[in-house]
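Overview (structure and organization)
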Amino acid sequence: MNQVPNMLKQENNGTSCCLRILFRMYAEKDTALAQRRQVAQPRLISLCHDVVTAYLSKSSDRSLVAEQQRELLTLTPILALVLKGFYQFDDDQFRRHLSLFYPLFTELILSDSLDIRTILRDIFSNRIRPLLNLPL
């Protein structure tokens, strides 16, 4: 093997796969699967938090070199997966974790990514606004 494997791509693929599995486990409604949900919750929330904070720390540094910019770009779809998964939480799950993620969401509003800002708009408009009983 003459070429070093692209470890960043492998890490991102592994993280995406893990997130998809954990989101599915956490979304299970069957009471017989409640134990799986309990196992998934802390792992999912911790991984989501890690992804968001990693993105924020990389995006806040305006003096990124090309390699760091590439890392940020490859992290964007994973962050989008996290935000879409959070958006799809049921009402109880959403309320339970909002206090941890709300400050991070407000920082993400400054993201350069239109996709991230669009998902955040949906979270604020369709999920947070009703909790505050604000009119349209």
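Below, the structure is looked at part by part. Given the structure is predicted, the values throughout are model-derived calculations rather than measurements.

Summed over all chains, the structure comprises six salt bridges. A salt bridge links E71 to K58; the shortest N-O distance between them is 3.3 Å. Placement of E71 in helix 3 (residues 66–87) and of K58 in helix 2 (residues 34–60) is noted, with a sequence separation of 13 residues between them. On the basis of relative accessibility, which here comes to 27%, the residue K58 falls in the partly exposed class. Close ionic contact of D91 with R127 constitutes a salt bridge, the shortest N to O distance being 3.2 Å. Taken together, the residues D91 in helix 4 (residues 91–108) and R127 in helix 5 (residues 114–131) connect sequence positions 36 residues apart. Classification of D91 as partly exposed rests on a relative accessible area of 48%.

Here is what the cut-offs are and how they apply
Residues numbered from 1 in each chain as written. Predicted model: local features only at pLDDT ≥ 70, side-chain atom pairs only at ≥ 80, totals over all residues. Heavy atoms only, no water. Salt bridge = Lys/Arg side-chain N within 4 Å of Asp/Glu carboxyl O. Helix = DSSP H or I, 4+ residues; strand = E, 2+ residues; numbered from the N terminus. Buried < 20%, exposed > 50% of the residue type's maximum accessible area, 1.4 Å probe, protein only.

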